[in-house]
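In case you want the letters, here they are:
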Amino acid sequence: MKVLIVGAGGFIGRHVQAMLRDLSHGVVAHVHSRDGELDEGSLPSGLDAVVNCAGRLGGQGATPAEMREANVALPSRLGRLCASRGTPMVHLSTPGVTGLLPDAREDLPHSPWGEYERTKAEAEATLERMLSPKLLTVLRPDFVYGPGDTHKLAMFRQASRGWFPLVGRGRALLRPTYVSDVARAVAESLPGGRLAGSLYNIGGPEVVSVRDLVGLIGGALGRRVIALPVPGPLLRACLRMGPLRPSSISESRLRLFGEDHYVAVEKASAAGFRSQVAPSEGIPATVEWYRRRRML
């Protein structure tokens, strides 16, 4: 198949690109910083599918306007183009569109918990209005990590210092998802694939606690990591310290590491898709990638 990948220069996009090429698909890669905006004139002809991996996370200086452009305006343009040509579209979203919940299912109503999630929820709703069910597949990958991920690098770097602050006792549960499993899910969402034409959560094979995840990172680093339980109220008090607030503490990080939030994967499993890479395998591979590039 001839597949356009939008956001091919990003963390997930690069892995999707490599996966589809390994499967002998014809890949047309679009990187915004290199190729500019997409419009009717720049969309290649003869496409069998369009995959949207593009997105703009909050933080790191991202403005609301930049987030809306990447997370709402761009997928809306792609949706219109796909609708006009009858081209199937695979859109990567986030489980956060339904909030931070344990065992979250696909049929829950939208209840986004942050600006990034709000823009992603708006994009989902817009695409559902534009495209018929047979033309749209939405994937919500959960807590994605792996080689090339710079967003979660801070977590690995903190563990490499030999200690890691936990919210409470670190018992909050999450479902780490290795990036190659996300790329496989995209491949299975192309026309004729087992995930094509619906909405699916994509999550790793195991639900683990934050404490256990930190332990796996320490094991991959080859060092003991002291997990320091810190009461949630104390960490929240630090948020009110203004310029003196520790840079490692934010409201989003407190929620991400202090509350259970992981997706249910039964729907994808019933369709025949199961993630393959457990954290015990994916974490060492990620550490190795960081080390080869002297990032740890």
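Each remark here, short or long, concerns the structure printed above.
The model shown is predicted, which means the values in this text are computed figures rather than measured ones. Positions within a chain are numbered from 1, following the residues in the order the chain's sequence is written. Totals for whole chains, interfaces and linings use every residue, but because this is a predicted model, local features are given only for residues with pLDDT of at least 70 and side-chain atom pairs only at 80 or more, for both listing and counting. Calculated side-chain values reflect all of the structure's heavy atoms, with hydrogen atoms and water omitted.

Caption draft 1: Spatial organisation of the overall build of the chain. Each helix is a run of DSSP H or I of at least 4 residues and each strand a run of E of at least 2, with the numbering of both proceeding from the N terminus. In terms of regular secondary structure, the chain is built from 11 helices and 12 strands. Taking 19 Å as the expected radius of gyration for a compact globule of 296 residues, we find that the chain reaches 19 Å, a close match to that expectation. Each of the three principal axes of the chain carries a C-alpha extent, and together these read 55 × 40 × 35 Å. Here a residue-residue contact requires only that any non-hydrogen atoms of the pair lie within 4.5 Å. For the chain, long-range pairs separated by at least 24 residues make up 79% of all intrachain contacts whose partners lie at least 6 apart in sequence. Here the accessible surface of atoms and residues is derived via Shrake-Rupley with a 1.4 Å probe, and residues count as covered only by protein chains that are part of the display. For the chain, the accessible surface area stands at approximately 13,500 Å², while carbon and sulfur atoms represent 52% of it. The positive count covers Lys and Arg only, the negative count covers Asp and Glu only, and His and the chain ends enter neither. By convention, charge coordinates are those of NZ in Lys, CZ in Arg, CG in Asp, or CD in Glu. Across the chain, the mean location of the 37 positive side-chain charges is 6 Å away from that of the 28 negative side-chain charges. Each radius of gyration is computed over the set of C-alpha atoms, and the globule rule expresses the reference value as 2.2 Å times the number of residues to the power 0.38.

Caption draft 2: Up close: the sheet that holds strand β4 (residues 89–92). Between any two strands, pairing holds if DSSP finds at least two bridges. Taken in spatial order, the six strands of this open sheet run β2-β1-β3-β4-β5-β10, and their pairing is parallel. For this open sheet the edge positions go to β2 (26–30) and β10 (199–202), each flanked by a neighbour on one side alone. Sheet twist, expressed as the mean angle between neighbouring strand axes with direction ignored, is 20°. Across four bridges, the pairing between strand β5 (residues 136–141) and β10 is parallel. Within β10, the position partnered with Pro 141 by the bridge is Ile 202. In this analysis an axis means a line fitted to C-alpha atoms, helices contributing only their contacting stretch, and an angle means the value between N-to-C directions, from 0 to 180 degrees.

Caption draft 3: Representation of helix α5 (residues 153–160) within the structure. The cut-offs for exposure are 20% and 50% of the maximum accessible area for each residue type, with area from a 1.4 Å probe on protein chains only; residues under the lower value are buried, those over the upper are exposed, and the others partly exposed. For α5, the set of buried residues is Leu 153, Met 155, Phe 156, Gln 158 and Ala 159. Just past α5, the residue Gly 162 takes up positive phi, approximately 95°.

Caption draft 4: Layout of the pattern of salt bridges. Here, a salt bridge means any side-chain nitrogen of Lys or Arg that lies within 4 Å of a carboxyl oxygen of Asp or Glu. In total, this model carries nine salt bridges according to the counting rule given. One salt bridge connects Glu 124 with Arg 140, and the closest N-O pair in it is separated by 2.8 Å. Of the two residues, Glu 124 is situated in helix α4 (residues 115–130) and Arg 140 in strand β5; the sequence distance between them amounts to 16 residues. Arg 140 carries the same exposure label as Glu 124, and that label is buried.

Caption draft 5: View of the packing of aromatic side chains. When the centres of two rings from Phe, Tyr and Trp lie within 6.5 Å, Trp using its six-membered ring, the rings pair. Their planes under 30 degrees apart give stacked, over 60 give edge-to-face, and anything left gives tilted. Counted under the stated rule, the structure contains three aromatic pairs. Measuring from ring centre to ring centre gives 5.2 Å for Phe 156 and Tyr 290, while their planes differ by 70°; the resulting arrangement is edge-to-face. With Phe 156 in helix α5 and Tyr 290 in helix α11 (residues 279–292), this residue pair connects regions lying 134 residues apart in the sequence. Ring geometry for Trp 289 versus Tyr 290: centroids 5.8 Å apart, planes at 70°, classification edge-to-face. Taken together through their ring pairs, the aromatic side chains of Phe 156, Trp 289 and Tyr 290 make up a single cluster. Here, a charge over a ring means that NZ of Lys or CZ of Arg falls within 6 Å of the ring centre while also lying within 35 degrees of the ring normal. Residue placement shows Lys 152 over the ring face of Phe 143; its charged tip is 4.7 Å from the ring centre. Across from the ring centre of Tyr 200, 5.1 Å away, lies the NZ or CZ of Lys 267, which sits over that ring.

Caption draft 6: Representation of the environment of Pro 88 within the structure. Tracing the backbone through its elements, the reader meets Pro 88 in the loop between α3 (64–85) and β4. In this structure, the C-alpha to C-alpha distance between Pro 88 and Glu 124, residues 36 residues apart in sequence, is 15 Å. Residues in contact with Pro 88, not counting those within four places in the same chain, are Asp 48, Ala 49, Val 50, Cys 82, Leu 135 and Pro 191.

Caption draft 7: Highlighting the side chain of Thr 119. Inspection of the secondary structure assignment puts Thr 119 in helix α4. Each polar contact in these results corresponds to two N or O atoms within 3.5 Å; when the atoms are within protein, one needs to be able to donate a hydrogen and the other to accept it, and residues that are neighboring in sequence are counted only if both atoms are side-chain atoms. Polar side-chain contacts of Thr 119 include one of 2.7 Å to the backbone oxygen of Tyr 116. Excluding its chain neighbours within four sequence positions, the residues that come into contact with Thr 119 are Met 67, Arg 68, Asn 71 and Val 72.

Caption draft 8: Here's a closer look at a nonpolar patch on the surface. On the surface, a nonpolar cluster with roughly 260 Å² of combined accessible area is contributed by Trp 163, Ile 226 and Leu 228. Along the chain, Ile 226 falls in strand β12 (residues 226–230). Candidates for patches are residues over 30% relative accessible area with no salt bridge; among them, like charges are joined within 9 Å and nonpolar side chains (Val, Leu, Ile, Met, Phe, Trp, Tyr) within 5 Å.

Caption draft 9: Fine view of the side chain of Lys 120. Positionally, Lys 120 belongs in helix α4. Comment: no salt bridge for buried Lys 120; closest opposite-charge side chain is Glu 124, at 8.1 Å. Here the side chain of Lys 120 touches Leu 92 through a polar contact of 3.0 Å, landing on its backbone oxygen. Among all residues touching Lys 120, those that are not within four sequence positions of it are Ala 54, Gly 55, Asn 71, His 91, Leu 92, Ser 93, Thr 94 and Val 97.

Caption draft 10: Geometry of unusual backbone geometry. Although it is not a glycine, Asp 103 sits at a positive phi angle of roughly 55°. Mapped onto the fold, Asp 103 is located in the loop between β4 and α4. A positive phi angle, near 55°, is found at Arg 294, a position not held by glycine. Looking at the secondary structure, you find Arg 294 in the segment after α11. On the basis of relative accessibility, which here comes to 79%, the residue Arg 294 falls in the exposed class.

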